[in-house]
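Fold and geometry: a report
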Amino acid sequence: KDYKAGDRFLHVQLEDGTELNYPVDPSALPPLRNPDILVGENDLTALSYLHEPAVLHNLKVRFVESRLIYTYSGIILVAINPYKQLPIYGDAIIHAYSGQNMGDMDPHIFAVAEEAYKQMARFSVKNQSIIVSGESGAGKTVSARYTMRYFATVSKSSSNAHVEDKVLASNPITEAVGNAKTTRNDNSSRFGKYTEISFDPSYRIIGANMRTYLLEKSRVVFQSENERNYHIFYQLCASAMQPEFRHLKLGSAEEFNYTRMGGSTTIEGVDDRANMIETQKTFALLGLREDFQMDVFKTLAAILHLGNLEITAVGDERSSIDLEDSHLNMFCELLELNSDKMAQWLCHRKIITTSETVIKPMTKPQALNARDALAKKIYSHLFDFIVERINQALQFSGKQHTFIGVLDIYGFETFDVNSFEQFCINYANEKLQQQFNLHVFKLEQEEYMKEDIPWTLIDFYDNQPVIDLIEAKMGILELLDEECLLPQGTDENWLQKLYNNFVNKNALFEKPRMSNTSFIVQHFADKVEYKCEGFLEKNRDTVYEVLMEILKESKFRLCASFFQDNPAPISPFSSTISIKSARPVLKSPNKQLRMTVGSKVLCQIVKILNSYTPIDDFEKRVTPSFVRKVQAMLNNREDGPQLMLDTKYHFQVTFPFTPSPHDLEMIQVPSSFKLGFLTRV
């Protein structure tokens, strides 16, 4: 029955033939359904009506009924994680997509990779990049791995050096030391990775280079329930009884504090011992010999022993470590350190003033924090060292002609309890979101204006206000750094400053009604409540100078090199542009006041964006292909999937890229740029 103006009910027939009387407000009619012929289209921009329910319905039809996980939206590939292996990534499929135009074949990650490769080859010096993003557990790491395998297959080097095999071999190693089981994902990347694959004038791979960002160091010493530490620790524990590892005095993962904390030391269907053999093989493939590998394993074993070191409270103000503690002695034996000094300075700190030096005992909680900070520091240095050695193995002689970059970075995260790590990750995503806006909206609109094509400006969501809230002068991070500089600074005092500065003054900041220990930030994807506990300690990331001096004196060369004052070798990446943050980085003349984690995060984000900001034609310009990962959660509702004109529900959808407040179907713009992308239903 047709709708007439003023009717209070819309008479609807659903796909299964069910007839419903849908109550409507005449001023806000439900969105129109696409005709049958368009339902299941492989490009969302082909839909007559493009709105949230139509997008969801189209994705659901393709995924549930047609078992298709990929859908285009103009220049963007939307991928739904099926949470199982699919037989669509073999060499035959790679060769089928090779040389084809993006629209000529079914949507696929290989089509995006082929488009990047073809654009690079066609324009001879036009570098390309693929950004793989999405929320935690969406399948970013696997997608990045497939794109790299595609390039390795279609551009094999002519030499016998097997460069492409080495490039692919870097993945298992970085996943072993940088991935972990979380509640959402058994192989979650806990760091961001940008891999630049270099090509010669014949467009064959000649080498690669890797940058890493935002390693989640806190995971080394703490895991939430049902989560694990980094895979490499479990691989090492599973190999503890092998002859070459017996001198490390390890046992099962259940025996060590740093690996049993989450109560989940195994992953169903994963053989940690077999994975250890694979890790060793890939080290060897990269030319990293057994002596190098054993240095790495010794350092990892030392971290596990450090976590089991027993610290005893002596009254309320002091703590001590038994010099006979077997884990203390094993830690010091592996890293070739003085155990007496280590026992003393884990429980004491040296305070230097202008007139005197004071040795102050630490309480047990303070000593435990010092121990954990040392473990995180050692692991962070080890991680960087491994990445540096991988880069050395992938170095090439001669000049890079062109490159394709693959960026696989944390997605937006929101958990039951969100802390400093989630804050940094979501801040990084805000900056990447801004880059998406810059690329997809601002730059394309400028192109249309230059070419005098009829065009209506899109009033797209600009997330600069929330970035300013975080990083501008007197923003969240600057107030955090300021509190970290105060001797008596506390999480509570910092939170109170946030309340005073932003509550009722900034619409993107809220104080929870039922909590005085949390704050809420309205990010582009969702509101996130952060618990303030631990923010100062994690931002300071303090390892006391005296402990670093002890480690500098280590006779174990690898360990000593981690703590030398000379800076690490500069990456061969050259930055052709610079982006200035709205927030100046605090610099202190005092050696003890090192750069905070928040400041480092900002610097790392700027480095990422340096590679993705278009610049003038005389310099390198990188063109991102944005790959959005969509969670396969459309069927997870308790009462079954709902059609888009359901009488009980309107689709409650949060997009990581918040769309224009205008109805999209009312804006006459090129269809490629109309869509924000779903991460959670």
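Keep in mind that this is a model prediction, so the values were computed, not measured. By convention here, each chain's residues receive numbers from 1 onward along its written sequence. Where local features are concerned, this predicted model is filtered to residues with pLDDT of at least 70; where side-chain atom pairs are given and counted, the filter is 80 or more; whole-chain, interface and lining totals use all residues. Hydrogens are left out, water is left out, and the side-chain values use all remaining heavy atoms of the structure.

1. Some thoughts on the packing of aromatic side chains
- A pair of Phe, Tyr and Trp rings is counted when the ring centres sit within 6.5 Å of each other, with Trp represented by its six-membered ring. The angle between the planes then sorts it: under 30 degrees is stacked, over 60 is edge-to-face, the rest tilted. Per the counting criterion, the structure on display carries 25 aromatic pairs.
- Between F423 and F535 the ring centres are 5.9 Å apart and the planes differ by 65°, which places this aromatic pair in the edge-to-face class. Here F423, found in helix α13 (residues 420–450), pairs with F535, found in helix α17 (residues 535–540); they are 112 residues apart in sequence, far enough to count as distant.
- Taken together, F420, F423, W494, F502, F509, F519, Y530 and F535 form an aromatic cluster joined through their ring pairs.
- Put simply, a charge is over a ring when the Lys NZ or the Arg CZ is close to the ring centre, within 6 Å, and near the line of the ring normal, within 35 degrees. When the ring centre of Y234 is taken as reference, the NZ or CZ atom of R228 above it lies at 3.9 Å.
- A cation over a ring is seen here: K298 above F556, with NZ or CZ 4.4 Å from the ring centre. For the purposes of this entry, the term helix denotes a DSSP run of H or I that reaches at least four residues, the term strand denotes a run of E that reaches at least two, and both are numbered from the N terminus.

2. Examining the sheet that holds strand β16 (residues 518–522)
- The strand order across the open sheet built from 3 strands is β15-β16-β17, with neighbouring strands paired in antiparallel fashion. Each of the sheet's edge strands pairs with one partner strand only, and the pair in question is β15 (509–510) and β17 (527–531).
- The pairing of β15 with β16 spans 2 bridges and is classified as antiparallel. Note on β16: the bridge partner recorded for E510 is I520. Note on pairing: two strands pair once DSSP finds at least 2 bridges between them.

3. A short note on unusual backbone geometry
- Positive phi, close to 55°, is recorded for Y83, a residue that is not glycine.
- Position of Y83 among the secondary structure elements: in the loop between β4 (76–80) and α2 (91–97).
- The buried label goes to any residue with under 20% of its type's maximum accessible area, the exposed label to any with over 50%, and the partly exposed label to all in between, with areas taken from a 1.4 Å probe on protein chains only. According to the relative accessible area criterion, Y83 is partly exposed, its value standing at 47%.
- We note that E336 has phi near 55°; this positive angle belongs to a residue other than glycine.
- Looking at the element boundaries, E336 is found in the loop between α10 (326–335) and α11 (339–345).

4. Notes on the nonpolar core
- Ranked by size, the top nonpolar core spans 121 residues in total, and within it F151, I232, F233, F297, F331, M342 and Y379 carry the most contacts.
- Considering every element that reaches this core, the biggest residue donor is helix α12 (residues 364–393), with 13 residues.
- By definition in these notes, contact holds between two residues if any of their heavy atoms fall within 4.5 Å. For F233, the contacting residues outside a window of four places in its chain are V220, T259, L300, I303, L304 and Y379.
- With 42 residues, the next largest nonpolar core counts Y194, L480, V528 and Y530 among its residues. For our purposes a nonpolar core is just a set of buried Ala, Val, Leu, Ile, Met, Phe, Trp, Tyr and Cys residues, chained together by side-chain atoms within 4.5 Å.

5. Notes on the side chain of T265
- Tracing the chain through its elements places T265 in the loop between α7 (257–260) and α8 (272–285).
- A residue is classified by how much of its surface remains accessible, and T265, at 12% relative accessible area, is buried.
- By the criterion applied in these results, polar contacts are pairs of N or O atoms within 3.5 Å in which, for protein atoms, one can donate a hydrogen and the other can accept it, and in which residues neighboring in sequence qualify only through two side-chain atoms. One polar contact links T265 to E254, side chain to side chain, over a distance of 2.8 Å.
- When sequence neighbours within four positions are dropped, the list of residues in contact with T265 reads R228, Y234, A253, E254, T259, R260 and D272.

6. Observations regarding the environment of N391
- Relative to the helices and strands, N391 is located in helix α12.
- Other than its neighbours up to four places away in sequence, N391 contacts N209 and M210.

7. Thoughts on the UniProt feature "binding site: ATP" (unreviewed entry) in the protein
- UniProt positions are given in the numbering used here, feature names are shortened, and annotations may be inferred rather than shown by experiment. The sites that UniProt annotates as "binding site: ATP" (unreviewed entry) are G134, E135, S136, G137, A138, G139, K140 and T141.
- Examined against the element boundaries, S136 turns out to sit in the loop between β5 (128–133) and α4 (140–154).
- Judged by relative accessible area, which is 3%, S136 ranks as buried.
- Note on placement: A138 falls in the loop between β5 and α4.

8. Remarks on the side chain of S188
- In this structure, S188 sits in strand β7 (residues 188–189).
- Note on S188: relative accessible area 3%, which makes it buried.
- At 2.8 Å, the side chain of S188 and the side chain of R190 are in polar contact.
- Sequence-distant contacts of S188, defined by excluding residues within four places in its chain, comprise S136, G178, N179, A180 and T182.

9. A word on helix α5 (residues 163–178)
- For a helix, the expected span equals 1.5 Å multiplied by the residue count minus one. Taking 1.5 Å of rise per residue, the 16 residues of α5 would be expected to cover 22 Å, and the 23 Å separating its terminal C-alpha atoms lies within 8% of that figure.
- With 12 of its 16 residues buried, α5 lies for the most part within the structure.
- Of all the positions in α5, only V163, E164, V167, A169, S170, N171, I173, T174, E175, A176, V177 and G178 are classed as buried.

10. Thoughts on helix α16 (residues 491–502)
- For α16, built from 12 residues, the straight-helix expectation of 16 Å at 1.5 Å per residue is met to within 8% by its first-to-last C-alpha distance of 16 Å.
- Listing the buried residues of α16 in full gives D491, W494, L495, L498, Y499 and F502. What you see down the axis of α16 is that its buried residues fit within an arc of 145°, all on one side.
- N504, located one to two residues past α16, shows a positive phi value of around 65°. To obtain the arc, one takes the directions from the helix axis to the C-beta atoms.

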